[in-house]
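A structural walkthrough
So you can see what is in the structure, the chains are spelled out below.
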Amino acid sequence: MLDSGFYDRLSRLQLAMAHKSSLNMSGNRKSVHKGISAEFSDFREYMPGDDLRRLDWNVYARLDRMYIREYMEEKEAVVSVLLDTSASMDYGKEKKSVLAEELVAVVSFLALNNMDRVAIFDMKEMSRGIVLGGGRNAFTRVIAWLNERTYEGECDMLAALKKMPMRGPGVTILISDFLHPAMLEDADGGYEKVLKYLSYRRQRPVILQTLAKEELRIDMEGTRNLIDMETNSKLRITMDAAAIDSYEQELNRMLSRMKKGCKGCQGAYVLCDASCDRNQLIFEDLRVLYDI
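Everything in this summary refers to the structure shown in the same document. A quick note: this is a predicted structure, and the numbers were derived from the prediction, not measured. (Residues numbered from 1 in each chain as written. Predicted model: local features only at pLDDT ≥ 70, side-chain atom pairs only at ≥ 80, totals over all residues. Heavy atoms only, no water.)

Bringing the sheet that holds strand β5 (residues 125–132) into the picture now. Spatial strand order, β5-β4-β3-β6-β7-β10: six strands in an open sheet with mixed pairing. In this open sheet, the two strands that pair with only one neighbour each are β5 and β10 (268–273). Going from strand to strand, the sheet's axes swing by 15° on average, the running direction of each strand aside. Pairing of strand β3 (residues 78–83) with strand β4 (residues 117–122), which is carried by six bridges, proceeds in the parallel orientation. (Pairing = 2+ DSSP bridges. Helix = DSSP H or I, 4+ residues; strand = E, 2+ residues; numbered from the N terminus. Axes fitted to C-alpha atoms, helices over the stretch in contact; angles between N-to-C directions.)

Here we come to the environment of Asp 90. Inspection of the secondary structure puts Asp 90 in the loop between β3 and α3 (96–113). With sequence-adjacent residues up to four places away left out, Asp 90 is seen in contact with Lys 95, Ser 97, Tyr 151 and Met 229. In terms of polar contacts, Asp 90 uses its side chain to reach the side chain of Ser 97, at 2.8 Å. (Contact = heavy atoms within 4.5 Å. Polar contact = N/O pair within 3.5 Å; in protein donor to acceptor, adjacent residues only side chain to side chain.)

Under the defined criterion, the tally for this structure stands at eleven salt bridges. For Asp 177, the salt bridge identified is with Lys 96, shortest N-O distance 2.8 Å. Taken together, the residues span a long stretch of sequence, with Asp 177 in the loop between β6 (170–176) and α6 (181–184) and Lys 96 in helix α3 at a distance of 81 residues. We classify Asp 177 as buried; its relative accessible area is 2%. (Salt bridge = Lys/Arg side-chain N within 4 Å of Asp/Glu carboxyl O. Buried < 20%, exposed > 50% of the residue type's maximum accessible area, 1.4 Å probe, protein only.)

Another point: the layout of surface pockets. Estimated volume of the largest pocket: approximately 1200 Å³. Lining of the largest pocket is provided by 31 residues; of these, Leu 179, Glu 215, Leu 226, Asp 228 and Tyr 247 occupy positions nearest its centre. The set of elements that each furnish at least two residues to the lining of the largest pocket consists of α6, α8 (213–216), β8 (222–227), β9 (234–239) and α9 (241–264). Of the residues forming the lining of the largest pocket, the biggest block, seven residues, is contributed by α9. A breakdown of the residues in the lining of the largest pocket according to their chemical character gives 17 nonpolar, three polar and eleven charged. (1 Å grid on protein atoms, 1.4 Å probe; cavity = no way out; pocket = protein on both sides within 12 Å on 5 of 7 lines; lining within 4 Å. Points joined across faces, edges and corners; volume = space filled by probe spheres on them. Nonpolar A, V, L, I, M, F, W, Y, C, P; charged D, E, K, R; others polar.)

In structure tokens form, the structure reads like this:
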């Protein structure tokens, strides 16, 4: 897991939110409600029972009418993180699962450090997620939760999302390789349904597609027996130039489709290479996620 110096540097950043919060807990986000924070929002006419300390006497002196100053109320936002723990995530010399857990740690730390509430779920065990708030002191529970993850079997991402409690607008971060057949269907397939569902639930989608170096840059040669890690189905294929070229074309088509779909619903998409330099990934490639 990333070291303390890394998190000290990370503490200067903040996750971007597409929606104002509608929760009742105090925090650092602007709410859809009016309140008593320091940032002025608007005037409204005085009504019996209003706090006279909020009366604007300058306006009263000019207009001989009583107006109340309203302020934006600061609330905590909710950041939901769903981790794909299917068997395919445990692939690669530098495993996708290791990077995926680091990404969960990073976004959870950012949320907690900004006094937001973070909800973390294992896509295979949605009933055993954790919801944390109260600042960065809760971060140790994130690490403990991650240490309990195992990678096996398959995940149904859309079914998992429908089990996730969502109270008002927020950000939902999906960390997965997205290499499930349902996600790879053509237009209006599983991936598009995931985005539409999140949009319907007023969630800003953040897609962190985590792939291994071996999946991004094919260096196999000769005839190979490929085994699906999740279903154990087998495929015998000759890895010649034509086969590699066909694979790369399909991969690029999938990546373009995912990026385009996410952009179309005001979300953010980042391709995360499990072999990449972590500082480059977190502080440069993921800049689209932050309020800077």
